Amino acid sequence: EALTAFWTFLKSEFSEENVEFWLACEDFKKTKSSTKIASKAQKIYSDFIQADAPKEINIDFHTKNDISQNISDPTLSCFDAAQSSIYCLMAKDSFPRFLKSEAYKELVKKHQERNQKRWLPFL
């Protein structure tokens with residue numbers, strides 16, 4: 001529920017590609033099959049990394065270049081630097097704004113009401 005609220009907030013700021021990329025990387029790191037590693041890596045690359053990708057993330061030239069050079073033989077850690085960079089960007093920029101947003105306030109209110117209802121019968 002919190003992830004959905006954060007995602008919705010990022011959509012309102014036109015930066016949902018950051019959380020989508022981070023989640024895609026988390027899924028990618030759980031991949032066991034070498035053929036699936038290659039296909040998932042290519043999908044992440046084409047969706048988020050390559051120039052003019054539909055959900056292009058904002059990462060530095062060196063990180064993007066390293067990924068581009070190694071995408072033909074990807075490893076489970078090939079997106080780690082980019083994922084870390086995007087995580088830091090969200091942690092320092094997007095998430096603090098989310099914590100001040102109406103979406104977050106509504107989430108907290110709903111959670112508090114749900115917890116209060118859960119404990120009321122025992123009072």
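Naming follows an unreviewed UniProt entry, where the protein appears as RGS21 protein of Acrocephalus arundinaceus.

Our focus in this paragraph is the packing of helix α2 (residues 17–29) against helix α5 (residues 80–99). Running from amino to carboxyl end, α2 crosses α5 at an angle of 140 degrees, the nearest separation of the two axes being 10 Å. When the axis of α2 is compared with that of α5, the two are oblique. When you trace α2 past α5, the crossing you get is left-handed. On α5, the residues touching N18, V19, F21, W22, C25, E26 and K29 of α2 are D80, A82, Q83, I86, Y87, L89 and M90. Looking at the contact of α2 with α5, its residues break down into nine nonpolar, two polar and three charged.

We now examine the UniProt feature "domain: RGS" (unreviewed entry) in the protein. Within this structure's numbering, the places UniProt gives as "domain: RGS" (unreviewed entry) are residues 6–108. End C-alpha to end C-alpha, residues 6–108 measures 12 Å, and it is 71% helix and 0% strand.

Let us look at the nonpolar core. Counting 25 residues, the largest nonpolar core has F21, F28, I49, I57, I59, I67 and F79 as the members making the most contacts within it. Contributions of two or more residues to this core are made by α1 (2–12), α2, α3 (34–49) and α5.

Inspection of every chain in the model, using the stated rule, returns nine salt bridges. Where E13 meets R97, a salt bridge forms, and the shortest distance between an N and an O atom there is 2.5 Å. Taken together, the positions of E13 in the loop between α1 and α2 and R97 in helix α5 put the pair 84 residues apart, joining distant regions of the chain. Given a relative accessible area of 34%, R97 falls into the partly exposed group. With a shortest N-O distance of 3.7 Å, K105 and E102 are connected by a salt bridge. Taken together, the residues K105 and E102, both in helix α6 (residues 102–119) and three residues apart, mark about one turn of the helix.

Definitions and cut-offs
Residues numbered from 1 in each chain as written. Predicted model: local features only at pLDDT ≥ 70, side-chain atom pairs only at ≥ 80, totals over all residues. Heavy atoms only, no water. Axes fitted to C-alpha atoms, helices over the stretch in contact; angles between N-to-C directions. Helix = DSSP H or I, 4+ residues; strand = E, 2+ residues; numbered from the N terminus. Parallel < 35°, antiparallel > 145°, perpendicular 65-115°, else oblique. Left-handed = near helix turned anticlockwise from the far one by under 90°. Contact = heavy atoms within 4.5 Å. Nonpolar A, V, L, I, M, F, W, Y, C, P; charged D, E, K, R; others polar. UniProt positions renumbered as here; feature names shortened; annotations may be inferred. Core = buried A, V, L, I, M, F, W, Y, C linked by side-chain atoms within 4.5 Å. Buried < 20%, exposed > 50% of the residue type's maximum accessible area, 1.4 Å probe, protein only. Salt bridge = Lys/Arg side-chain N within 4 Å of Asp/Glu carboxyl O.

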